[in-house]
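# Residue-level structure breakdown
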Amino acid sequence: MLSHKAKYALKALLFLAQQEETHISRTIEIAEAASIPKKFLEQILLDLKRGHFVGSKQGKFGGYYLLKSKNDITLADIHRLFDGAIALLPCASLNFYERCSDCVNESECLLRQGLISIREETLKAMEGITIASLVKK
């Protein structure tokens, strides 16, 4: 399941993606429009900034804006940033791989092979959905 943090991050990105490219959105503006608690949103926006998805401007007219194109931000990107691996077990993960301690022969493990198939299909679907494609719907 998607965490609340990842869900709210996606909602914030969708809001930012619908603004004019030169528009800088205040945190309160995003929070109210996307129904996200403001304090929680502030943490999420900092994580998105560290991930180079959004940029910020300080000051009286400061706020947040998309740093990365809405065409390039995928569900997979946000899931990995907030929820970690897409695979169901570490041995089937691309980016968070760990060998299972109870596995006798990883190359012949039927469970791992099945979970790699699930990861591939899930990854394909998540990488095919961008913030831009969600805004268009």
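To keep things clear, this report deals only with the structure shown in the data block.

Reading the values: rules and limits
- Residues numbered from 1 in each chain as written.
- Predicted model: local features only at pLDDT ≥ 70, side-chain atom pairs only at ≥ 80, totals over all residues.
- Heavy atoms only, no water.
- Disulfide = S-S within 2.5 Å.
- Buried < 20%, exposed > 50% of the residue type's maximum accessible area, 1.4 Å probe, protein only.
- Helix = DSSP H or I, 4+ residues; strand = E, 2+ residues; numbered from the N terminus.
- Arc of directions from axis to C-beta.
- Contact = heavy atoms within 4.5 Å.
- Salt bridge = Lys/Arg side-chain N within 4 Å of Asp/Glu carboxyl O.

## Details of the state of the cysteines
A full pass over the atoms with the stated rule returns zero disulfides. Considering cysteine sulfurs only, C91 is the nearest to C100, which forms no disulfide, with 3.6 Å between them. Left unpaired, C103 is separated from the closest cysteine sulfur, that of C109, by 4.3 Å.

## Some thoughts on helix α4 (residues 75-83)
Since the α-helix turns once every 3.6 residues, residues separated by three or four places project in the same direction. Every buried residue of α4 is accounted for by L75, A76, I78, H79 and F82. Along the axis of α4, the buried residues cluster in a sector spanning 165°; they form a single face. For α4, the elements touching its buried residues are α1 (4-17), α3 (38-50), α5 (110-127) and α6 (131-136). A positive phi of about 85° marks G84, the residue just after α4.

## Remarks on the environment of I118
Here I118 is to be found in helix α5. For I118, a relative accessible area of 42% corresponds to the partly exposed category. Sequence separation of I118 and L46 is 72 residues, and the distance between their C-alpha atoms is 31 Å.

## Brief notes about the side chain of R119
As for its position among the elements, R119 is in helix α5. With residues near it in sequence (within four places) discarded, R119 still touches A87, A92, S93 and L94.

## Points about the environment of T122
Topologically, T122 is positioned in helix α5. Here T122 falls in the partly exposed class, since its relative accessible area comes to 31%. For the pair T122 and K136, spaced 14 residues apart in sequence, the C-alpha to C-alpha distance is 22 Å.

## Topic: the pattern of salt bridges
As a working rule, side chains carrying opposite charge can pair if their charged atoms are close by. Throughout the structure, instances matching the rule amount to eight salt bridges. Across the pair D77 and K68 runs a salt bridge, and its minimum N-O distance is 3.8 Å. The network of salt bridges with common partners includes K5, D47 and R50.

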